[in-house]
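Here's the letter readout for the chains.
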Amino acid sequence: MVYNLILCFSFLVFSCFNVQVIEPHEVKSILPEVEDVSVTENNGLEEIDYFDKNEIDKILYRINSLRKKGCRCDGKFYKPVRQLKWNRMLYVSAYKHAKSMHDNDYFSHYSPEGKDIGERLDLLGYKWQYAGENLAEGQKSFDEAMHDWIASPTHCIMLMNPNMEEVAVAKYGSYWVQHFGKQMPKNARRINERYTDGSK
(Lines give C-alpha, C1' and ligand atoms only; values in the text may rest on other atoms or scores of the structure.)
Protein backbone atom coordinates (compact mmCIF):
# COMPACT_ATOMS: atom_id res chain seq x y z
CA MET A 1 0.00 0.00 0.00
CA VAL A 2 1.27 3.46 -0.86
CA TYR A 3 0.86 6.42 1.49
CA ASN A 4 1.28 9.94 0.18
CA LEU A 5 3.63 12.05 2.23
CA ILE A 6 3.09 15.78 2.36
CA LEU A 7 5.58 18.11 3.97
CA CYS A 8 3.93 21.52 4.16
CA PHE A 9 6.17 24.56 4.26
CA SER A 10 5.25 28.07 5.30
CA PHE A 11 7.86 30.77 5.74
CA LEU A 12 7.24 34.08 7.46
CA VAL A 13 9.66 36.90 8.27
CA PHE A 14 8.76 39.96 10.36
CA SER A 15 10.89 43.09 10.35
CA CYS A 16 9.30 46.22 11.81
CA PHE A 17 6.13 46.60 9.72
CA ASN A 18 7.36 44.69 6.68
CA VAL A 19 6.16 41.15 6.09
CA GLN A 20 8.03 38.94 3.67
CA VAL A 21 6.63 35.60 2.56
CA ILE A 22 8.63 33.06 0.60
CA GLU A 23 6.32 30.73 -1.27
CA PRO A 24 6.70 26.93 -0.94
CA HIS A 25 8.29 24.84 -3.63
CA GLU A 26 7.67 21.26 -4.70
CA VAL A 27 10.32 18.57 -4.49
CA LYS A 28 10.13 14.82 -5.04
CA SER A 29 12.72 12.43 -3.69
CA ILE A 30 13.14 8.89 -2.43
CA LEU A 31 13.05 8.56 1.34
CA PRO A 32 14.10 5.30 3.07
CA GLU A 33 12.28 3.76 6.00
CA VAL A 34 13.42 5.27 9.29
CA GLU A 35 14.51 3.33 12.35
CA ASP A 36 12.70 4.14 15.60
CA VAL A 37 14.61 6.35 18.04
CA SER A 38 13.31 6.97 21.55
CA VAL A 39 12.95 10.62 22.51
CA THR A 40 14.77 9.95 25.77
CA GLU A 41 17.83 8.75 23.88
CA ASN A 42 18.45 12.06 22.10
CA ASN A 43 21.14 14.36 23.45
CA GLY A 44 20.03 17.39 25.42
CA LEU A 45 16.30 16.69 25.51
CA GLU A 46 16.29 16.62 29.30
CA GLU A 47 17.26 20.32 29.21
CA ILE A 48 14.15 21.40 27.29
CA ASP A 49 11.82 23.89 28.97
CA TYR A 50 8.20 22.83 28.60
CA PHE A 51 5.03 24.90 28.61
CA ASP A 52 2.89 24.08 31.64
CA LYS A 53 -0.50 22.39 31.18
CA ASN A 54 -2.45 25.65 31.37
CA GLU A 55 -0.32 27.20 28.61
CA ILE A 56 -0.70 24.10 26.44
CA ASP A 57 -4.47 24.11 26.96
CA LYS A 58 -4.64 27.78 25.90
CA ILE A 59 -2.55 27.12 22.78
CA LEU A 60 -4.68 24.13 21.79
CA TYR A 61 -7.88 26.06 22.42
CA ARG A 62 -6.71 28.90 20.17
CA ILE A 63 -5.70 26.55 17.34
CA ASN A 64 -8.70 24.25 17.62
CA SER A 65 -11.19 27.12 17.87
CA LEU A 66 -9.97 28.30 14.48
CA ARG A 67 -10.15 24.81 12.98
CA LYS A 68 -13.58 24.15 14.50
CA LYS A 69 -15.28 27.18 12.98
CA GLY A 70 -13.35 27.31 9.70
CA CYS A 71 -11.29 30.20 8.41
CA ARG A 72 -10.94 32.44 5.37
CA CYS A 73 -7.38 32.26 4.06
CA ASP A 74 -6.44 34.64 1.23
CA GLY A 75 -10.09 35.13 0.27
CA LYS A 76 -10.99 31.42 0.24
CA PHE A 77 -13.03 29.84 3.03
CA TYR A 78 -11.59 26.64 4.48
CA LYS A 79 -14.28 24.52 6.10
CA PRO A 80 -14.00 23.19 9.68
CA VAL A 81 -11.54 20.35 10.17
CA ARG A 82 -10.62 17.90 12.92
CA GLN A 83 -9.29 19.04 16.28
CA LEU A 84 -5.58 18.59 16.97
CA LYS A 85 -3.92 16.90 19.93
CA TRP A 86 -0.69 18.04 21.58
CA ASN A 87 2.30 15.80 20.85
CA ARG A 88 5.41 15.89 23.03
CA MET A 89 7.75 14.73 20.27
CA LEU A 90 6.53 17.52 17.98
CA TYR A 91 7.20 19.93 20.84
CA VAL A 92 10.75 18.62 21.23
CA SER A 93 11.33 19.08 17.51
CA ALA A 94 9.87 22.60 17.49
CA TYR A 95 11.84 23.62 20.58
CA LYS A 96 15.13 22.31 19.21
CA HIS A 97 14.64 24.18 15.92
CA ALA A 98 13.72 27.42 17.71
CA LYS A 99 16.81 27.09 19.91
CA SER A 100 18.99 26.30 16.89
CA MET A 101 17.80 29.44 15.09
CA HIS A 102 18.44 31.52 18.21
CA ASP A 103 21.87 30.06 18.95
CA ASN A 104 23.07 30.20 15.34
CA ASP A 105 21.38 33.49 14.35
CA TYR A 106 19.34 32.34 11.33
CA PHE A 107 15.69 32.07 10.32
CA SER A 108 14.87 29.19 8.01
CA HIS A 109 12.98 25.93 7.60
CA TYR A 110 16.37 24.29 7.11
CA SER A 111 18.86 23.69 9.91
CA PRO A 112 22.53 24.68 9.49
CA GLU A 113 23.09 21.04 8.47
CA GLY A 114 20.47 21.40 5.73
CA LYS A 115 17.80 19.27 7.43
CA ASP A 116 14.13 20.14 6.92
CA ILE A 117 11.28 19.33 9.30
CA GLY A 118 10.81 15.82 7.93
CA GLU A 119 14.46 14.91 8.45
CA ARG A 120 14.49 16.50 11.91
CA LEU A 121 11.41 14.51 12.92
CA ASP A 122 13.05 11.35 11.58
CA LEU A 123 15.96 11.88 13.96
CA LEU A 124 13.52 11.98 16.89
CA GLY A 125 11.77 8.82 15.78
CA TYR A 126 8.47 10.48 14.84
CA LYS A 127 7.26 8.38 11.90
CA TRP A 128 5.28 10.97 10.03
CA GLN A 129 2.87 10.57 7.16
CA TYR A 130 2.20 14.31 7.09
CA ALA A 131 4.35 17.02 8.65
CA GLY A 132 4.21 20.81 8.54
CA GLU A 133 5.98 23.80 10.02
CA ASN A 134 5.14 27.47 10.65
CA LEU A 135 7.83 29.90 11.79
CA ALA A 136 7.64 33.41 13.20
CA GLU A 137 10.02 35.83 14.87
CA GLY A 138 9.60 38.78 17.19
CA GLN A 139 6.06 38.27 18.49
CA LYS A 140 5.74 38.76 22.25
CA SER A 141 2.94 36.22 22.75
CA PHE A 142 1.43 33.16 21.11
CA ASP A 143 -1.70 35.17 20.29
CA GLU A 144 0.45 37.63 18.34
CA ALA A 145 2.14 34.79 16.46
CA MET A 146 -1.25 33.22 15.65
CA HIS A 147 -2.59 36.57 14.45
CA ASP A 148 0.32 36.93 12.03
CA TRP A 149 0.10 33.32 10.83
CA ILE A 150 -3.62 33.70 10.13
CA ALA A 151 -2.91 36.90 8.19
CA SER A 152 -0.43 35.08 5.94
CA PRO A 153 -2.13 32.88 3.28
CA THR A 154 0.29 29.93 3.37
CA HIS A 155 0.47 29.88 7.17
CA CYS A 156 -3.31 30.16 7.45
CA ILE A 157 -3.73 27.23 5.05
CA MET A 158 -1.29 25.23 7.16
CA LEU A 159 -3.37 25.91 10.28
CA MET A 160 -6.45 24.59 8.44
CA ASN A 161 -4.75 21.55 6.89
CA PRO A 162 -7.25 18.64 7.24
CA ASN A 163 -4.54 15.97 7.15
CA MET A 164 -2.93 16.95 10.44
CA GLU A 165 -3.81 15.23 13.72
CA GLU A 166 -1.17 16.52 16.15
CA VAL A 167 0.49 19.83 16.92
CA ALA A 168 2.97 21.55 19.20
CA VAL A 169 4.29 25.09 19.56
CA ALA A 170 7.62 26.13 21.06
CA LYS A 171 9.35 29.44 21.69
CA TYR A 172 13.02 30.16 22.30
CA GLY A 173 14.27 33.72 22.49
CA SER A 174 12.32 35.65 19.85
CA TYR A 175 11.62 32.59 17.68
CA TRP A 176 8.29 30.74 17.45
CA VAL A 177 8.02 27.31 15.83
CA GLN A 178 4.75 25.47 15.22
CA HIS A 179 4.92 21.83 14.16
CA PHE A 180 2.05 19.77 12.77
CA GLY A 181 1.99 16.05 12.11
CA LYS A 182 0.13 12.86 11.42
CA GLN A 183 1.86 9.59 12.18
CA MET A 184 2.05 6.71 9.72
CA PRO A 185 -0.17 3.67 10.22
CA LYS A 186 1.63 0.75 11.83
CA ASN A 187 3.64 -1.44 9.46
CA ALA A 188 3.54 1.24 6.74
CA ARG A 189 6.71 2.10 4.85
CA ARG A 190 7.42 5.47 3.27
CA ILE A 191 8.42 5.49 -0.37
CA ASN A 192 8.49 9.15 -1.40
CA GLU A 193 8.20 12.70 -0.19
CA ARG A 194 6.22 15.63 -1.60
CA TYR A 195 6.34 19.30 -0.64
CA THR A 196 3.29 21.53 -0.94
CA ASP A 197 1.81 24.66 0.58
CA GLY A 198 -1.00 22.52 2.02
CA SER A 199 -3.72 23.93 -0.24
CA LYS A 200 -4.03 20.73 -2.29
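Residues numbered from 1 in each chain as written. Predicted model: local features only at pLDDT ≥ 70, side-chain atom pairs only at ≥ 80, totals over all residues. Heavy atoms only, no water.

1. Some remarks on the packing of helix α1 (residues 53-69) against helix α4 (residues 142-151)
Thought 1: α4 packs onto α1 with a crossing angle of 20° between their chain directions and a minimal axis gap of 11 Å. With respect to α4, the element α1 is oriented roughly parallel. Helix-helix and strand crossings are classified by hand; for α1 and α4 the assignment is right-handed. Between α1 and α4, the residues in contact are Ile59, Arg62, Ile63 and Leu66 and Phe142, Asp143, Met146, His147 and Ile150, respectively. (Axes fitted to C-alpha atoms, helices over the stretch in contact; angles between N-to-C directions. Helix = DSSP H or I, 4+ residues; strand = E, 2+ residues; numbered from the N terminus. Parallel < 35°, antiparallel > 145°, perpendicular 65-115°, else oblique. Left-handed = near helix turned anticlockwise from the far one by under 90°. Contact = heavy atoms within 4.5 Å.)

2. Details of α1
Thought 1: Here α1 contains 17 residues, and its C-alpha end-to-end distance of 24 Å stays within 8% of the 24 Å for a straight helix at 1.5 Å per residue.
Thought 2: You can read the cap of α1 off the contacts: a side-chain oxygen lies 3.1 Å from the backbone nitrogen of Asn54, and it is on Asp52.
Thought 3: Just past α1, the residue Gly70 takes up positive phi, approximately 90°. (Expected span 1.5 Å × (residues − 1). Polar contact = N/O pair within 3.5 Å; in protein donor to acceptor, adjacent residues only side chain to side chain.)

3. Looking at the nonpolar core
Thought 1: In terms of nonpolar packing, the biggest core is built from 48 residues, with Ile63, Phe142 and Trp149 touching the most fellow members.
Thought 2: Looking at which element gives the most residues to this core, the answer is helix α2 (residues 88-104), with 8 residues.
Thought 3: Not counting residues up to four positions away in its chain, the partners in contact with Ile63 are Leu84, Phe142, Met146, Val167, Val169 and Gln178. (Core = buried A, V, L, I, M, F, W, Y, C linked by side-chain atoms within 4.5 Å. Buried < 20%, exposed > 50% of the residue type's maximum accessible area, 1.4 Å probe, protein only.)

4. Quick notes on the state of the cysteines
Thought 1: If you walk through the whole model with that rule in mind, you get 1 disulfide.
Thought 2: Each disulfide pairs two cysteine sulfurs, and for Cys73 the partner residue is Cys156, the sulfurs being separated by 2.0 Å. Since a negative S-S torsion denotes a left-handed disulfide, the Cys73-Cys156 link at about -65° is left-handed. Placement of the pair is Cys73 in strand β5 (residues 71-73) and Cys156 in helix α5 (residues 153-159), with a sequence separation of 83 residues. Neither residue differs from the other here; Cys73 and Cys156 are each classed as buried.
Thought 3: Lacking any disulfide linkage, Cys71 is separated from the closest cysteine sulfur, that of Cys156, by 3.6 Å.
Thought 4: Looking at Cys71, the relative accessible area reads 8%, which means it is buried. (Disulfide = S-S within 2.5 Å.)

5. What about helix α3 (residues 117-124)?
Thought 1: Among the 8 residues of α3, 6 are classified as buried, and the element is accordingly described as predominantly covered.
Thought 2: Along α3, the positions that sit buried rather than exposed are Ile117, Gly118, Arg120, Leu121, Asp122 and Leu124.
Thought 3: Its side-chain oxygen placed 3.0 Å from the backbone nitrogen of Gly118, Asp116 serves as the N-cap of α3.
Thought 4: Just downstream of α3, Gly125 is the residue with a positive phi angle, here 90°.

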